[in-house]
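Structural overview
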Amino acid sequence: MKLLIVEDEPNLLSILRKGFAENNNEVSVAMDGKTAIEMIHNYTFDVVILDVMLPDVNGIEICRRLRAAKNFVPILLLTALGTSENIVTGLNSGADDYLVKPFKFGELDARVNALYRRSQQETEKIDTITIGDLEINGRAKTVKRDGENIVLTAKEFKLLYYLAKNTGRIVSRDQILDNVWDINFDMNTNVVDVYITYLRRKIDKPFSTKLIHTMKGLGYVIKP
């Protein structure tokens, strides 16, 4: 995982950094709220471990700003304030989990791993397109039909993914060239037709139901 630890207490920060690094994580740190916000805006993290009491901008306000900006990186709050009201305030600000100080590193590690697994599962759901018995995972770049793995080249996958994102809509050859190949590609080429043929051999030919259809004079459409 790529982790950002935001903590202004040097000894605790050192312990957390060492512990997560020893577990083969890529660890970045910040000791104040302003630095944390800049790092989250400029870099991608899998999970943010965020202390509530920070110089300049506190953890609650950081959560609110990130969620208002549509940044949904998983956040675990570390707080010395363990009352129900404090916990509710933290979760309502946009945090995904909390842990009250003092805590055991093993519990923190387990909670961070759980947040990471959950976010990966949600991302895979978002990136999965299903058309009939065809399943395309945009994140993993895998394709299955009727439960059978189908191996595609990078360009074949990009073409299939573009068609799938436009399921039920006719896309012209020019649109495919613009989105799958370089925009300056020779428009007189038959490369689209050639790659459609490649896809059909793998996606349609072994199966009784055809998904990729030619619309004469218009282009192509994928639909169940």
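Residues numbered from 1 in each chain as written. Predicted model: local features only at pLDDT ≥ 70, side-chain atom pairs only at ≥ 80, totals over all residues. Heavy atoms only, no water.

An unreviewed UniProt entry lists the protein chain under the name Response regulator transcription factor, with Flavobacterium tagetis as the source organism.

Here's the deal with the overall build of the protein chain
Under the convention used in this document: Runs of H or I in DSSP of at least four residues are treated as helices and runs of E of at least two as strands, each being numbered from the N terminus. Radius of gyration means the value over C-alpha atoms here, while the globule rule gives 2.2 Å times the residue count to the 0.38 power. Throughout this description, buried means an accessible area under 20% of the type-specific maximum (1.4 Å probe, protein chains only), exposed means over 50%, and partly exposed covers the range between. Contact definition: two residues touch when any of their heavy atoms are within 4.5 Å. Per-residue and other accessible areas follow the Shrake-Rupley method at a 1.4 Å probe size, with only the shown protein chains counted as cover for residues.
When you go through the protein chain residue by residue, the secondary structure sums to 8 helices and 11 strands. A compact globule built from 224 residues should have a C-alpha radius of gyration of about 17 Å, whereas the protein chain, at 24 Å, is more than 25% larger. Looking at the protein chain as a whole, 41% of its 224 residues are labelled buried. Sequence separation of at least 24 residues holds for 54% of the intrachain contacts in the protein chain that already meet a minimum separation of 6. Surface accessibility of the protein chain: about 12,500 Å² in total, with carbon and sulfur atoms responsible for 49%.

Structural notes on the environment of Gly138
Following the sequence through the fold, Gly138 ends up in the loop between strand 7 (134-137) and strand 8 (142-145). Taking the C-alpha atoms as reference points, Gly138 and Arg111, 27 residues apart in sequence, are found 27 Å from one another. Aside from chain neighbours lying at most four places away, what touches Gly138 is Asp127, Phe157 and Tyr161.

Here we look at the side chain of Asp204
Note the following rule: Polar contact criterion, stated in full: a pair of N or O atoms within 3.5 Å, where within protein one must be able to donate a hydrogen and the other to accept it, and residues adjacent in sequence count only if both atoms are side-chain atoms.
Along the chain, Asp204 falls in the loop between helix 8 (191-203) and strand 10 (212-215). Separated by 3.2 Å, the side chains of Asp204 and Arg145 make a polar contact. Among the polar contacts made by the side chain of Asp204, one reaches the main-chain amide nitrogen of Leu211 at a distance of 2.9 Å. In contact with Asp204, other than residues within four places in its own chain, are Arg145, Leu199, Thr209, Lys210, Leu211 and Ile212.

With respect to the nonpolar core
One broad rule of soluble globular proteins: the nonpolar side chains tend to lie buried together. Inclusion rule: What makes a nonpolar core is a set of buried Ala, Val, Leu, Ile, Met, Phe, Trp, Tyr and Cys residues whose side-chain atoms join them at distances within 4.5 Å.
Val143, Leu160, Leu163 and Ile176 are the most contacted members of the largest nonpolar core, which totals 28 residues. Looking at this core, the elements that each hand over two or more residues are strand 6 (128-131), strand 7, helix 6 (154-165), helix 7 (173-180), helix 8 and strand 11 (219-222). No other element matches the 6 residues that helix 6 contributes to this core. When neighbours within four sequence positions are excluded, Leu160 is seen to be in contact with Leu134, Ile136, Val143, Leu152, Leu199, Ile203 and Ile222. Core analysis: the next-biggest nonpolar cluster, separate from the first, contains 21 residues, Ala30, Ile37, Leu54 and Val57 among them.

Some thoughts on the sheet that holds strand 9 (residues 148-150)
For clarity, the threshold we go by: Between any two strands, at least two bridges found by DSSP are needed for them to pair. Lines fitted to C-alpha atoms define the axes, with helix axes restricted to the stretch in contact, and inter-axis angles between N-to-C directions lie between 0 and 180 degrees.
What the 4 strands build is an open sheet, ordered 6-7-8-9; its pairing is antiparallel. Across the chains shown, the open sheet's two edge strands, defined by having one partner strand only, are strand 6 and strand 9. Geometrically, the sheet is characterised by an average inter-axis angle of 25° between neighbouring strands, direction not taken into account. When strand 6 meets strand 7, the two strands line up antiparallel, connected through 4 bridges. From the neighbouring strand, Ile131 faces strand 7, where its bridge partner is Leu134. Along the sheet, helix 6 contacts strand 6, strand 7 and strand 8; its crossing angle with strand 7, the most-contacted strand, is approximately 110°.

Some details on helix 8
Three- or four-residue spacings in an α-helix give side chains the same orientation, since the helix completes a turn every 3.6 residues. The following threshold applies: Each helix should span, by expectation, one fewer than its residue count multiplied by 1.5 Å. As used here, the arc belongs to the directions running from the helix axis to the C-beta atoms.
The terminal C-alpha atoms of helix 8 lie 18 Å apart, and with 13 residues this matches the ideal 18 Å at 1.5 Å per residue to within 8%. Restricting attention to buried positions, one finds in helix 8 the residues Val191, Val192, Ile196, Leu199 and Ile203. The buried side chains of helix 8 occupy one side of the element, clustering within an arc of 130° when seen end-on.

With respect to the UniProt feature "domain: Response regulatory" (unreviewed entry) in the protein chain
Heads up, the condition is: UniProt positions are given in the numbering used here, feature names are shortened, and annotations may be inferred rather than shown by experiment.
When the UniProt feature table is mapped onto this chain, "domain: Response regulatory" (unreviewed entry) is found at residues 2-116. The straight-line gap between the two end C-alpha atoms of residues 2-116 is 10 Å; of that span, 47% is helix and 21% is strand.

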